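Fold and contact review
Each chain is listed here by its residues.
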Amino acid sequence: MAVRFLVRGRVQGVFFRASTREQAQRLGLRGHARNLDDGGVEVLAAGEAGAIEALERWLWRGPPAARVDAVMREPASAPAGEGFTTG
C-alpha cells in the first residue's frame, strides 16, 4: 500500500521532515518527506496499512513546534528504492 499525504500549516522550519522520517522508520515504512513551494510538506509512504494509518495519526500532530491545519490523503504509486528520505 502507498499513500501520498499533503500536510498544511506551520510545517516548515520546525523539523517536520526529520521527525516524519524518524516516525516512518520506526513504523517500517519507505518513501520520503519533502517541502513544497507553497509552504506545505508532501509525505509519500509505502508499507503495511496499519503502519500508514499510524503515520497519518502522527502527521496530524507532528513535532512539538509544528501546527498542523490539514492532512490530505490520496492513493499513490509505491516509491522506488528502500528507506525513507527527506529532501
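These notes cover the structure that comes with them. (Residues numbered from 1 in each chain as written. Predicted model: local features only at pLDDT ≥ 70, side-chain atom pairs only at ≥ 80, totals over all residues. Heavy atoms only, no water.)

1. Looking at the packing of helix α1 (residues 16-26) against helix α2 (residues 49-61)
At a minimum axis separation of 10 Å, α1 and α2 run at an interaxial angle of 155°. One element, α1, and the other, α2, form an angle in the roughly antiparallel class. Seen from above, α1 lies across α2 with right-handed handedness. Facing Phe16, Ser19, Thr20, Gln23 and Ala24 of α1, the residues of α2 in contact are Leu55, Trp58 and Leu59. Split by residue class, the contact of α1 with α2 holds 5 nonpolar, 3 polar and no charged. (Axes fitted to C-alpha atoms, helices over the stretch in contact; angles between N-to-C directions. Helix = DSSP H or I, 4+ residues; strand = E, 2+ residues; numbered from the N terminus. Parallel < 35°, antiparallel > 145°, perpendicular 65-115°, else oblique. Left-handed = near helix turned anticlockwise from the far one by under 90°. Contact = heavy atoms within 4.5 Å. Nonpolar A, V, L, I, M, F, W, Y, C, P; charged D, E, K, R; others polar.)

2. Examining the environment of Asn35
Mapped onto the secondary structure, Asn35 falls in strand β2 (residues 30-35). A relative accessible area of 32% means that Asn35 is categorised as partly exposed. When the C-alpha positions of Asn35 and Gln12 are compared, they lie 6.9 Å apart, and in sequence the two are 23 residues distant. Contacts of Asn35, omitting those with residues within four sequence positions, involve Gln12, Arg17, Gly40, Val41 and Gly87. Here the side chain of Asn35 touches Arg17 through a polar contact of 3.3 Å, side chain to side chain. (Buried < 20%, exposed > 50% of the residue type's maximum accessible area, 1.4 Å probe, protein only. Polar contact = N/O pair within 3.5 Å; in protein donor to acceptor, adjacent residues only side chain to side chain.)

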